[in-house]
Amino acid sequence: MLIIPENYKPTIDPELSEDALKLIKDHFQDDFSSALHLRRVTAPLFVAANTGINDNLNGTERPVSFGIKCMNDAKCEIVHSLAKWKRMKLGAYKIKPGYGLYTDMNALRPDEDELDNLHSVYVDQWDWERSIEAKDRNLKYLKKTVKTIYTVLKDTEKFVYKRFPNIEPILPEQITFIQSEDLLKEYPDLTPFERENKAAEKYGAVFIIGIGGKLSNGKIHDGRSPDYDDWSSPTEDGYFGLNGDIILWNPLLKRSFEISSMGIRVDKEALLRQLELTNTNDRKELIFHKSVLEDKIPLSIGGGIGQSRLCMFFLRMAHIGESQSSIWPEDMIKKCAENNIVLK
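Everything numeric in this text was worked out from a predicted model, so none of it was measured.

About the criteria used
Residues numbered from 1 in each chain as written. Predicted model: local features only at pLDDT ≥ 70, side-chain atom pairs only at ≥ 80, totals over all residues. Heavy atoms only, no water. Salt bridge = Lys/Arg side-chain N within 4 Å of Asp/Glu carboxyl O. Helix = DSSP H or I, 4+ residues; strand = E, 2+ residues; numbered from the N terminus. Buried < 20%, exposed > 50% of the residue type's maximum accessible area, 1.4 Å probe, protein only. Core = buried A, V, L, I, M, F, W, Y, C linked by side-chain atoms within 4.5 Å. Contact = heavy atoms within 4.5 Å. Axes fitted to C-alpha atoms, helices over the stretch in contact; angles between N-to-C directions. Parallel < 35°, antiparallel > 145°, perpendicular 65-115°, else oblique. Left-handed = near helix turned anticlockwise from the far one by under 90°. Nonpolar A, V, L, I, M, F, W, Y, C, P; charged D, E, K, R; others polar. UniProt positions renumbered as here; feature names shortened; annotations may be inferred. Pairing = 2+ DSSP bridges. Disulfide = S-S within 2.5 Å. Phe/Tyr/Trp six-rings, centres within 6.5 Å; stacked < 30°, edge-to-face > 60°. Lys NZ or Arg CZ within 6 Å of the ring centre and 35° of its normal.

Let's shift gears to the pattern of salt bridges. Under the defined criterion, the tally for this structure stands at 22 salt bridges. For aspartate 26, the salt bridge is made with lysine 22, and the minimal N-O distance between the two is 2.6 Å. Note that aspartate 26 and lysine 22 are positioned in helix H1 (residues 17–36) at a spacing of four residues, about one turn of the helix. Taking relative accessible area as the criterion, aspartate 26 reaches 28% and is therefore assigned partly exposed. Judged by relative accessible area, lysine 22 falls into the exposed class, the value being 53%. Lysine 154 is the partner of glutamate 173 in a salt bridge, and the nearest nitrogen-oxygen pair spans 3.2 Å. With glutamate 173 in the loop between helix H3 (139–163) and strand S7 (176–179) and lysine 154 in helix H3, this pair connects stretches of sequence that are 19 residues apart. Residue lysine 154 is classed as buried on the basis of its relative accessible area, which comes to 10%. Connected through salt bridges with shared partners, the residues Lys86, Asp127, Glu129, Arg224, Asp229, Asp245 and Arg265 form a single ionic network.

Listed below in structure tokens is the structure:
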């Protein structure tokens, strides 16, 4: 649903916004890569089909595909994300635990349920992955990594305020961690999205732990593919799941605002368990899955951070189309224009 903030006025003149977007992106990725010890690599726009390397998201989204004429029409897919490709590159580059890589990922997701203030067919994010050891596969390590990323977000907010004093900082000093099961117990009559709204508004910034596995009501908080994030392993606090989402409160839109999805990735045991739980055992023979099952690629933690969303949040933009170029319904373009929202 399209949200039109009352009396909206851009904080940055539309004709100057490109310079502001570049400033923020350059600052964030430099700070982020330094904080997590990541090297930059070049991202693929497409990967070979039927290899298991492409992210299949919730399992229902159709990738954009095409054939390569000079390779006997070999089928390729535009990436949804690089969740699995990155982990394979950790092994190819022999990156040691404690270090990793990041890349500028550009993807297409034409099966979005709805185009609105936050959702676009075009996705741009910093996809990152970091090698870890078996002893790091726990909540303590996950939370430590989230706190590091949140520190970079806070630093970026200060950078924006220094450059654009009319945009005052709003993020809380600390990010709050909440188990998806606890959120269900607190708001049993609300939908997952409504529960996220309540938590984000209350705390300002939250990390919701455990995305993908069934909760006590028999439902999942949100969908996750069975073959990258570990959402089924038991944890030291008595819950399940070593993944989650970083969600901020957006006061302009008056709603929760997901900025990142991330987690500790599946090991051999978690992958087998999650393939069984989702009735996708046929994937065991795919290139990526065999690499995990045969211990040919490193254990890792990783995720994605939306570039356009991050800039949209820090520049107090009302629509993601103010921070990226995509295709929008004509009625949306018209309604936005009538309310000072200039879509690229």
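Here we come to the nonpolar core. If you look at the biggest cluster of nonpolar residues, it comprises 56 residues, and the most contacted ones within it are Phe32, Trp128, Leu153, Ile246, Met262, Leu310 and Leu315. Tallying contributions element by element places H3 first for this core, with 10 residues. Those residues in contact with leucine 315, other than ones at most four positions away along the chain, are Thr11, Ile12, Ala20, Leu21, Ile24, Phe164 and Ile167. Membership of the second largest hydrophobic core comes to 21 residues, among which are Leu101, Val123, Leu271 and Leu275.

Residue position: lysine 140 is located in helix H3. Note on lysine 140: relative accessible area 68%, which makes it exposed. Considering only alpha carbons, one finds lysine 140 and threonine 235, 95 residues apart in sequence, at a separation of 9.9 Å.

Time to look at the packing of H1 against helix H8 (residues 307–314). As a packed pair, H1 and H8 sit with axes 10 Å apart at the nearest point and diverge in direction by 115°. The pairing of H1 with H8 is recorded here as roughly perpendicular in orientation. Judged by the sense of rotation from one axis to the other, the crossing of H1 with H8 is right-handed. Here Leu21, Ile24, Lys25 and Phe28 of H1 lie close against H8, whose contacting residues are Gln307, Leu310, Cys311 and Phe314. Broken down by class, the residue content of the contact of H1 with H8 amounts to six nonpolar, one polar and one charged.

Let's shift gears to the UniProt feature "domain: Aminoacyl-transfer RNA synthetases class-II family profile" (unreviewed entry) in the protein. Residues annotated by UniProt as "domain: Aminoacyl-transfer RNA synthetases class-II family profile" (unreviewed entry) correspond here to residues 101–329. In residues 101–329, the share of helix is 30% and the share of strand is 23%. The end C-alpha atoms are 36 Å apart.

Another point: the sheet that holds strand S2 (residues 46–48). One open sheet accounts for three strands, arranged S2-S4-S3; its pairing is antiparallel. Edge positions in the sheet fall to S2 and strand S3 (65–68), since each of these pairs with one other strand and no more. The average angle at which neighbouring strand axes cross in this sheet is 35°, direction not considered. Two strands pair when backbone bridges link them, and S3 and strand S4 (residues 74–78) are joined in this way by four bridges, in the antiparallel orientation. Along S4, the bridge assignment pairs serine 65 with glutamate 77.

Taken in spatial order, the eight strands line up as S1-S5-S6-S11-S10-S9-S8-S7 in an open sheet, and their pairing is mixed. Among the strands making up the open sheet, the edge pair consists of strand S1 (38–40) and S7. Looking at each pair of strands side by side, their axes are set apart by 30° on average, direction ignored. Bridge analysis of S7 against strand S8 (residues 205–209) gives four bridges, and the strand direction is parallel. The residue of S8 that forms the bridge with phenylalanine 177 is phenylalanine 207. Strand contacts of H3: strand S6 (122–131), S7, S8, strand S9 (243–250), strand S10 (255–264) and strand S11 (300–306), with the helix running at about 135° to S10, the strand carrying the most contacts.

Okay, the state of the cysteines next. This model, assessed by the stated rule, comprises zero disulfides. Here cysteine 70 is not cross-linked by a disulfide; its sulfur's nearest cysteine counterpart is in cysteine 76, at 10 Å. Assessed through its relative accessible area of 73%, cysteine 70 is described here as exposed.

Here the focus is the packing of aromatic side chains. Two aromatic rings are characterised by how far apart their centres lie and by the angle between their planes. Taken as a whole and judged by the stated rule, the model has seven aromatic pairs. Pairing phenylalanine 177 with phenylalanine 207 gives two aromatic rings, centres 5.9 Å apart and planes at 65°, and the pair type is edge-to-face. You can see phenylalanine 177 sitting in strand S7 and its partner phenylalanine 207 sitting in strand S8, a full 30 residues away along the chain. On the basis of relative accessible area, phenylalanine 177 is assigned to the partly exposed category, the value being 22%. Within the aromatic cluster, the residues linked to one another by ring pairs are Phe28, Phe32, Trp126 and Trp128. Stacked on the ring of phenylalanine 177, the Lys or Arg lysine 143 has its end atom at 5.4 Å from the ring centre. In this structure, arginine 316 packs its charged tip against the face of phenylalanine 313, placed 5.4 Å from the ring centre.

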